[in-house]
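As a plain string of letters, each chain reads:
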Amino acid sequence: MKHKSIHHTFQDPASRREFLVASSATLAGAALAAQGGGATGGETPPKLALHGGAKTIQQSAKLGPRWGEPERQYLEAVLGQDTLFYWKGPQTTGFIESFRQLTPLKYVMTCSSGTAALHIAVAAAGIGPGDEVITSPITDIGTVIGVIFQQGVPVFADLGAGTYNLEPAEVERRITPRTKAIIAVHLCGNPCDLTALKALAEKHGLILIEDAAQAWGAKHRGKPVGTFGHIACWSLQNSKHITCGDGGVVASNDERFGPFLQRFGDKGYDRVTGGLCELFATNYRMTEEQAAIARAQLGRLEGIVAKRARLGSLLTEHLQGVPGVLPHQVHPEDRCGYWFYFMRLRLDAFSCDRSTFVKALAAEGVEASAGYISVPLHRNPVFQKHAFFAGRWPIKELGLTAMDYTKWETPEAESILKTGVKITVQEGMSEEHVLGVAKGIRKVARYFAN
Ligand SMILES: Cc1ncc(COP(=O)(O)O)c(C=O)c1O
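Nothing here was measured: the structure is a model prediction, and the numbers come from that model.

Draft legend 1. Inspection of the sheet that holds strand β3 (residues 153-156) at higher detail. Spatially, β1-β9-β8-β5-β4-β2-β3 is the arrangement adopted by the seven strands of the open sheet, whose pairing is mixed. Edge positions in the sheet fall to β1 (107-111) and β3, since each of these pairs with one other strand and no more. The average angle at which neighbouring strand axes cross in this sheet is 20°, direction not considered. In this structure, strand β5 (residues 207-211) lies alongside strand β8 (residues 231-235), joined through three bridges in parallel fashion. If you follow Asp 211 over to β8, its bridge partner there is Cys 233. Against the sheet, helix α6 (residues 142-149) engages β2 (132-135), β3, β4 (179-185) and β5, with an angle of about 140° to β3. Strands in contact with helix α8 (residues 194-204) are β4 and β5; relative to β5, the strand with the most contacts, it is inclined by about 150°.

This is the structure:
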């Protein structure tokens, strides 16, 4: 399904009507306030906390302890083991068993980071010099590090205006004879349109890799993300839903790729057969100590994600119809894990800029910040200068790619980063707190409404 652009979204009759009603109410209220009235013609917007008014949220939400007894128990078990090595290590084995219960995938390799998981995935997918991999320009750079190290070419496709995920039609537009794979990033834990991307991958014979680094516990049409693509990757870095400080998981059900995941994470060694190295890889192994913590964290996952999904939907519900505000767009049959909540502002609906809007939110007690990454990935100097390896990019020098990131355009992604506001949603928050967040946003939006 093709999503409406943000411009259309904002011009739908209902929101436009509300926008006009709210604007005229503001004007009428201001006029009446000047006369000292206000009984019939609308109300003066309440004074912002930024200007000394009452704060919407009095108490900040506290995130409870993220680790405790279950982690301690597994760590104690580690100290009684005679090995801290992953291969056949009891913690790694236990982690993989629990992981498979949540995400039924046959081949699972634990590794040192989400970046490592993605590098293993593209190596197992056979990405080599000049191969193009289509992905999102709004993501952590770890999504494409592996592609570049394999001498492949990240090709950035534009995004859905409200989902911030790959727009299937834009992906299709970027397919060339050199395209070998798609990396679908489930940004903020919001599942990509995996049904469409899978169909596209099948139609063009491409490998679909899911980057679920931010999408632990997310579901597309009722099924766990990670089970749609040929290979899928997760991050266990400290900021993620569950963590062991740093870590990653790469998994697959596909017999063409799955058997290679272990070897590409472990210097090419085949620990199953003990045979000679037949492929070249680096060391991305996870230790037993990390696996012990990650294993315990898996037990917390469903509670964390179910709560965030509920709070995120609640926030969306209470932001409907706020003129100039586009809530985070999640498909009604999907489950988003809200690594964070990302709404957009239609800046011409407000008399302030985004930075003032965010400052006003913070003063109301809403945890908010402007944007996410500051620019789409390819706007970073290392891409603009094509300077990946000691200031050079061998595949470009050798004529294996004509990619020129200085000329690459992804306008919706640029616009998302200029108009997005990141709102914290986390499992320690009560529903009441999130209703306060919505109230704070409505208050600020109303105050600054043009
Ligand atoms: C979407 C995405 N992909 C990949 C990564 C890389 O993960 P890590 O930091 O564990 O290497 C991250 C980390 O933030 C991410 O958010």
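Draft legend 2. Broad picture of the packing of aromatic side chains. Taken as a whole and assessed by the stated rule, the structure comprises 22 aromatic pairs. Ring geometry for Phe 383 and Tyr 405: centres 5.2 Å apart, planes at 85°, overall edge-to-face. Of this pair, Phe 383 sits in helix α12 (residues 381-384) while Tyr 405 is found in the loop between α13 (394-397) and α14 (411-419), placing the two residues 22 residues apart along the sequence. Among the aromatic side chains, those forming a connected cluster through ring pairs are Phe 156, Phe 383, Phe 388, Trp 393 and Tyr 405. Positioned above the aromatic ring of Phe 228, the side-chain terminus of Lys 223 is 4.9 Å from the ring centre. Geometry around Phe 340 places Lys 422 over its ring, the cationic atom sitting 4.7 Å from the centre.

Draft legend 3. Structural view of the site of the ligand. Around the ligand there are 14 residues in total, and Gly 114, Thr 115, Asp 211, Ser 235 and Lys 240 lie nearest to it. Note that an oxygen atom of the ligand is positioned 2.5 Å from one of the side-chain N or O atoms of Thr 115. Between Gln 214 and the ligand, the recorded distance is 2.8 Å, taken from a side-chain N or O atom to an oxygen atom. Taking 380 Å² as the accessible area of the ligand by itself, protein coverage stands at 91%. Broken down by element, the residue count for the shell around the ligand peaks at three residues, all from helix α5 (residues 114-124).

Draft legend 4. Region of interest: the state of the cysteines. Counted under the stated rule, the structure contains zero disulfides. The closest cysteine sulfur to the non-disulfide-bonded Cys 188 is located on Cys 336, 6.8 Å from its own sulfur. Since its relative accessible area comes to 0%, Cys 188 is described here as buried.

Draft legend 5. Quick peek at the packing of helix α10 (residues 288-319) against helix α15 (residues 431-448). Contact geometry for α10 and α15: axes closest at 9 Å, N-to-C directions at 35°. The handedness of the crossing between α10 and α15 is right-handed. Contacts between α10 and α15 involve Arg 310, Leu 311, Leu 314, Leu 315, His 318 and Leu 319 from the first element and Glu 431, Val 434, Leu 435, Val 437, Ala 438, Ile 441 and Arg 442 from the second. When its residues are assigned to classes, the contact of α10 with α15 shows nine nonpolar, one polar and three charged.

Draft legend 6. Main features of the sheet that holds strand β13 (residues 420-423). An order of β10-β11-β13-β12 is seen for the four strands of this open sheet, with the pairing classed as antiparallel. With partners counted over all chains shown, the strands left at the sheet margins are β10 (325-326) and β12 (368-370), one partner each. Bridge count for strand β11 (residues 341-345) against β13 is four bridges, and the pairing is antiparallel. If you follow Met 343 over to β13, its bridge partner there is Val 421.

Draft legend 7. Main features of the nonpolar core. Phe 99, Trp 216, Trp 234 and Leu 236 are the most contacted members of the largest nonpolar core, which totals 65 residues. The dominant element in this core, judged by the number of residues it contributes, is α10, at six residues. In contact with Phe 99, not counting residues within four places along its chain, are Val 108, Trp 216, Trp 234, Val 249, Ala 251 and Leu 298.

Draft legend 8. Fine view of the side chain of Thr 179. As for its position among the elements, Thr 179 is in strand β4. For Thr 179, a relative accessible area of 9% gives the class buried. Among the polar contacts made by the side chain of Thr 179, one reaches the main-chain amide nitrogen of Thr 176 at a distance of 2.8 Å. Setting aside anything within four residues of it in sequence, one finds Thr 179 in contact with Glu 132, Ile 134, Arg 174 and Leu 206.

The rules we used
- Residues numbered from 1 in each chain as written.
- Predicted model: local features only at pLDDT ≥ 70, side-chain atom pairs only at ≥ 80, totals over all residues.
- Heavy atoms only, no water.
- Pairing = 2+ DSSP bridges.
- Helix = DSSP H or I, 4+ residues; strand = E, 2+ residues; numbered from the N terminus.
- Axes fitted to C-alpha atoms, helices over the stretch in contact; angles between N-to-C directions.
- Contact = heavy atoms within 4.5 Å.
- Phe/Tyr/Trp six-rings, centres within 6.5 Å; stacked < 30°, edge-to-face > 60°.
- Lys NZ or Arg CZ within 6 Å of the ring centre and 35° of its normal.
- Near = heavy atom within 4 Å.
- Polar contact = N/O pair within 3.5 Å; in protein donor to acceptor, adjacent residues only side chain to side chain.
- Areas by Shrake-Rupley, 256 points an atom, 1.4 Å probe, with all protein chains shown as cover.
- Disulfide = S-S within 2.5 Å.
- Buried < 20%, exposed > 50% of the residue type's maximum accessible area, 1.4 Å probe, protein only.
- Left-handed = near helix turned anticlockwise from the far one by under 90°.
- Nonpolar A, V, L, I, M, F, W, Y, C, P; charged D, E, K, R; others polar.
- Core = buried A, V, L, I, M, F, W, Y, C linked by side-chain atoms within 4.5 Å.

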